[in-house]
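Summary of the model geometry
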Amino acid sequence: MTVEFIGILHYRPGSESIAGSGPAVQPEFARELAKAHDTAGFDRVLIGYSSASGDGFIAAQHAAAHTERLGFLVAHRPGVVAPTVAARKFATLDQFTGGRASVNIISGGDDHEQRRDGDYLTHDERYERTGEYIEILKRIWTSDASIDHAGRHYRFEDNVSSVKPVQKPHVPIYFSGSSDAAIEIGARFADVYMLWAESLAGTRDQITRIRAAAARHGRADAIRFSLSVRPILAPTEEKAWERARSILEAAKALREATTSTVAAFLRRRNAAPANTGSLRLLKVAAEGAVVDKRLWTEIASLTGASGNSTALVGTAEQVAESLLDYRAIGVDAFLIRGFDPLADAIQYGEELIPLVRREAALRDAARSGAAAE
């Protein structure tokens, strides 16, 4: 099976270790970052969502105009836009990009962040709403007849959308969440289930839990898995760890010096993570600064695991080996982003992505040959 690579489309330069500067939305930077991912061989880029960030649909349209084949995974929160409207928005984006749209459904794991956009449902209620939301999206994308709906969270009559996605049967649905409520909904509806990089054992456990839940809905083999991780590459292992340490020191200094709203929000989350995924990453970090061969956890510890924050450190060959270890337990998509977004995306395209795909193809061919004997 082909290995999928997902990057990140940022609105401006910056990361945990590099201070952002200038306007919150910088079209020229977003354009260059999208073009770099397109050239590097990424399949798609995630455009994140927060109550303080730009609009993902508009960012995807801007990036699509400057790329040839790159797909756009737009993070989308149920409850902010009506599902009937969202279905038309994603179908329209898919049409204008020639089938390059996908949606990352995020129900939200932090009550305070949700309330910034006027969402006052509880954690489990949000996931219940998400299930209803995705069901509506799929019906609108796939039905030519008018639709009525009367559910707990949404009600409408005689909805007919004249625009359908290019991709069939519908726009791909990516999903994330580690709580029991999340897994129950993701198991029913997700095409790709997105995980943050834990140890191999922890990741295997997550995949087993999700597949078991999916089996109850007859979907055990219908879900693929994506792993989000931060590769830190250098020509030698020693230099890679030197680079990791410099990133950590820069991140520490930046957190102490920054007084922005975003930094204050991250510090608050650091005190008491509200979502299960962050708690899982912090549990991994408690096992040590390095888990398995080269999974580095110190940025997760520093930030309270506020997002994709564990890293694989080493040469391109060593990091590729670790990615392939995850592939061996059921992961076939990797969301990789660096601490220097543009430079790292270029480096991944030159050193890491071709290596992983080449080795994966060789291993697949060897297995096929052995099975045929």
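Thresholds applied
In this numbering scheme, every chain counts its residues from 1 along its sequence in written order. Reporting in this predicted model follows two pLDDT cut-offs: at least 70 for local features of residues, and 80 or more for side-chain atom pairs to be given and counted; totals over whole chains, interfaces and linings ignore these cut-offs and use all residues. Side-chain measures here rest on the full set of heavy atoms in the structure, leaving out hydrogens and waters. Salt bridges are defined by distance alone: a side-chain nitrogen of Lys or Arg within 4 Å of a carboxyl oxygen of Asp or Glu. Put simply, DSSP H or I for four residues or longer makes a helix, DSSP E for two residues or longer makes a strand, and each gets a number counted from the N terminus. The cut-offs for exposure are 20% and 50% of the maximum accessible area for each residue type, with area from a 1.4 Å probe on protein chains only; residues under the lower value are buried, those over the upper are exposed, and the others partly exposed. Only strands that DSSP links by at least two bridges are regarded as paired with each other. As used throughout, the charge tally considers Lys and Arg to be positive and Asp and Glu to be negative, leaving His and the chain termini uncounted. By definition in these notes, contact holds between two residues if any of their heavy atoms fall within 4.5 Å. The rule is short: rings of Phe, Tyr and Trp, with Trp giving its six-membered ring, pair when the centres are within 6.5 Å, and they are stacked under 30 degrees, edge-to-face over 60, tilted in between. Think of it as a cone above the ring: NZ of Lys or CZ of Arg counts as a charge over the ring if it is within 6 Å of the ring centre and within 35 degrees of the ring normal.

1. Overview of the pattern of salt bridges
- Scanning the model with the defined rule gives 26 salt bridges in all.
- Notably, a salt bridge pairs R152 with E128, separated by 2.8 Å at the nearest N-O pair. Note that R152 is positioned in the loop between β5 (147–150) and β6 (155–159) and E128 in helix α5 (residues 123–142), a separation of 24 residues in sequence.
- Using a relative accessible area of 36% as the deciding quantity, one classes E128 as partly exposed.
- Put simply, E184 and R216 hold a salt bridge, and the shortest N to O gap is 3.4 Å. Here R216 lies in the loop between α7 (200–215) and β9 (224–233) and E184 lies in helix α6 (residues 180–189), a separation of 32 residues in the sequence.
- E184 gets classed as partly exposed once you look at its relative accessible area, which sits at 29%.

2. Some details on unusual backbone geometry
- For the bond running from K168 to P169, omega is 5 degrees, close enough to zero to count as cis.
- Secondary-structure assignment places P169 in the loop between β6 and β7 (173–176).
- Here the phi dihedral of D158 falls at roughly 55 degrees; this positive angle occurs in a residue that is not glycine.
- Topologically, D158 is positioned in strand β6.

3. With respect to the pairing of β7
- Relative to β7, strand β4 (residues 101–105) runs parallel, the two being bridged by 3 bridges. Bridge pairing in β7 links V103 to I173.

4. Some details on the side chain of K138
- With respect to the element layout, K138 can be found in helix α5.
- Buried charge K138 goes without a salt bridge, the closest partner of opposite sign being D191 at 5.0 Å.
- Excluding its chain neighbours within four sequence positions, the residues that come into contact with K138 are H170, I173 and F189.

5. Looking at α6
- Buried residues of α6: A182, I183, I185, G186, A187 and F189, and no others.
- Where α6 is buried, its residues contact α5, β7, β8 (192–196) and α7.

6. Focus: the packing of aromatic side chains
- By the definition in use, this model includes 5 aromatic pairs.
- Summarising the aromatic geometry, the rings of F5 and F334 are spaced 6.1 Å apart at their centres and angled 35 degrees between planes, so their arrangement reads as tilted. Remark: F334 occurs in strand β13 (residues 333–336) and F5 occurs in strand β1 (residues 4–8); sequence separation between them is 329 residues.
- Considering the side-chain rings of F175 and Y193, the 5.5 Å spacing of their centres and the 65 degrees angle between planes classify their relative orientation as edge-to-face. A residue pair is termed long-range when its members are at least 10 positions apart, and F175 in strand β7 and Y193 in strand β8 qualify at 18 residues.
- On the basis of relative accessible area, Y193 is assigned to the buried category, the value being 0%.
- An aromatic cluster is present here, built from Y127, F175 and Y193 joined pairwise through their rings.
- Taking NZ or CZ as reference, K89 lies 4.3 Å from the ring centre of F57, over its face.
- Of note, R230 hangs over the ring of F339, and the distance from its end group to the ring centre comes to 4.0 Å.

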